[in-house]
Amino acid sequence: MLLRFTLSAALHFNKELPPEAAEAVQATVEKANATLFRRGVPAEADAAEIGRITGWQVEGSSLTLTLESGTYTRAHDALFRIRKPLAAALGRHRLGLRGIEVRDYRIDIAGEIPEKAVPNLPMIRRTTRDEAGVSLELAVDATDLENKIPDRLVRLIEEKIEGLKYGGKAEHWELIFESEKRSGGFVENPTEEMLARGWIKHAPARGQWIFAPPAVQLFRAFERIVVEEIIGPLGFAEMIFPKFVPWEVWKRSGHAKGVYPEIYYVSAPKTRDPAYWEDVGDYFKVTGEVPVEMIRDRLEGPIGGMCYAQCPPFWPFVQGETLATGSLPIRIFDRSGTSHRYESGGIHGIERVDEFHRIEILWLGTAEQAVGTAQELNQAYKRVFEEILELEWRSARVTPWFMAQEGLAGVAETENVGTTDYEAFLPYNETWLEFQNVSVAGNKYPKGFNVKVQSGEECWSGCSGIGLERWTAAFLAQKGFEVDAWPKRVRDLFGEPREIFHFL
């Protein structure tokens, strides 16, 4: 993108600038334009792209500067570079800098910028469009400029433009393997059959199920297979990750960039004082209704959300640490609780739910170790799906959405960063269900949480989520409910269905 930055800022001093101070200002401005603003700029850079002061004016105790730039030494950076030299030059006249006021800030972006790429944020006062491109007038102060708000805003627009090009997973899907066709006689919807048999019932909350003993038996059978055939032989050790995630974790993991439509938020009460809540309880006792608005007014936050992606809450355990070479690769997993996701695509059966049960596999080490672990997992999954579950399935290399958002679409083939998806065929509707994945996330999480390795090499990580609901949906859709016809290992681990509920 071709960029122009225009800034008008007033430097306020402790008293009026005397006429003789003008000479010091002029000399400082000329030196800054000639040398100071050119530091760190490539020698071949066009002069028009380098920040410079195009005008200045004394107004009583204030010095107003107009700065313009292209890509290099952007206008706000130029302002803070000249702040100290100006303060030193005018200090000889007993003038002390008291503060900086941003009067106007404009970013001009040339070219065709999609309307959806320009965010709706409070720091954008006005957006105008013409044949040349888009102009953004900002409402920012000096602290915002020091915090690089204009740079972050430009970077966000670039990411949104890249995200609009992404267009969905279909554009980044490359078939790796497809199993043989496996004919089976079952062609019904497994969720409906589980409901009819009393294996599951809808829970009161959206996208939530209550699983009866036979369904849990199948979950536990799959867990045993995972432990005994995959994570055990590959040396993964069990941990317990938190299931409430504060904002600080999601800021570092990158989820804070766009997770908001799909998380379940958590708020804490402002106080535990029973007197503060007494009228809430009284209201329910009298009306039989929970006073949601009364409760909302007495909450802090939200202070975070329920576990959305299972691995981010692990990372504070190693945050800021340097991992000893002898401990690598580190291979761990968590199966301690549910994950919660407000499904934007809508809920469907047991395979697309808001509350789900998952075994999260995570590993970290050098880049070579991270990629190697992913390859070992892929081989283990292939053996389980082919020889133990006997599924009709396929795998594909995809670029996950979080990478496309960050401008990384297409790097999976060249840098080993990306995801392998596993899909199972569903006979009842003749579609494919994504039921497993293996992702190498590169340095995304180690960088966000400042994790290093002793050798000085870059730390990489990967993760793989095993969703028990999706394994169950894929398996039952193909194998049906006649336990005696199931593959032997699953049949032996499942046993006889414990149907203990009989309703009149």
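On a predicted model such as this, the values are computed, not experimentally measured, just so you know. (Residues numbered from 1 in each chain as written. Predicted model: local features only at pLDDT ≥ 70, side-chain atom pairs only at ≥ 80, totals over all residues. Heavy atoms only, no water.)

Student: Looking at this structure, I do not really get the sheet that holds strand 13 (residues 299–306). What am I missing?
Tutor: Neighbouring strands of a sheet are bound in pairs by backbone hydrogen bonds; such pairs are parallel or else antiparallel. Spatially, 3 strands are ordered 11-13-12 in an open sheet, and the strand pairing comes out antiparallel. The open sheet has two edge strands with one neighbour each: strand 11 (244–246) and strand 12 (265–269). Within the sheet, the average angular offset between the axes of one strand and its neighbour, ignoring direction, is 50°. In the sheet, strand 11 pairs with strand 13 via 3 bridges, with the strands oriented antiparallel. Paired with phenylalanine 244 across the bridge in strand 13 is methionine 306. (Pairing = 2+ DSSP bridges. Helix = DSSP H or I, 4+ residues; strand = E, 2+ residues; numbered from the N terminus. Axes fitted to C-alpha atoms, helices over the stretch in contact; angles between N-to-C directions.)

Student: Looking at this structure, I do not really get the packing of aromatic side chains. What am I missing?
Tutor: Applying the stated rule across the entire model yields 29 aromatic pairs. Ring geometry for phenylalanine 222 versus phenylalanine 475: centroids 5.6 Å apart, planes at 75°, classification edge-to-face. Highlighted residues: phenylalanine 222 in helix 6 (residues 213–231) and phenylalanine 475 in helix 14 (residues 468–479), separated in sequence by 253 residues. The class of phenylalanine 222 is buried, set by a relative accessible area of 0%. Residue class for phenylalanine 475 comes out buried when judged on its relative accessible area of 0%. Sitting over the face of the ring of phenylalanine 503, lysine 201 holds its NZ or CZ atom 4.7 Å from the ring centroid. (Phe/Tyr/Trp six-rings, centres within 6.5 Å; stacked < 30°, edge-to-face > 60°. Buried < 20%, exposed > 50% of the residue type's maximum accessible area, 1.4 Å probe, protein only. Lys NZ or Arg CZ within 6 Å of the ring centre and 35° of its normal.)

Student: Even after reading the chapter, I still don't get unusual backbone geometry, so can you show me in this structure?
Tutor: Keep in mind that most residues, glycine aside, have a negative phi and that most peptide bonds are trans. The step from glycine 301 to proline 302 runs through a cis peptide bond, and the omega angle for that step is 15°. The step from leucine 328 to proline 329 runs through a cis peptide bond, and the omega angle for that step is -5°. By the element assignment, proline 329 lies in the loop between strand 14 (322–323) and strand 15 (330–334). Unusually for a residue other than glycine, lysine 148 sits at a positive phi of about 65°. Relative to the helices and strands, lysine 148 resides in the loop between helix 3 (142–146) and helix 4 (149–166). Non-glycine residue asparagine 450 carries a positive phi angle of around 55°. Inspection of the secondary structure puts asparagine 450 in the loop between helix 13 (444–448) and strand 21 (452–453). On the basis of relative accessible area, asparagine 450 is assigned to the partly exposed category, the value being 38%.

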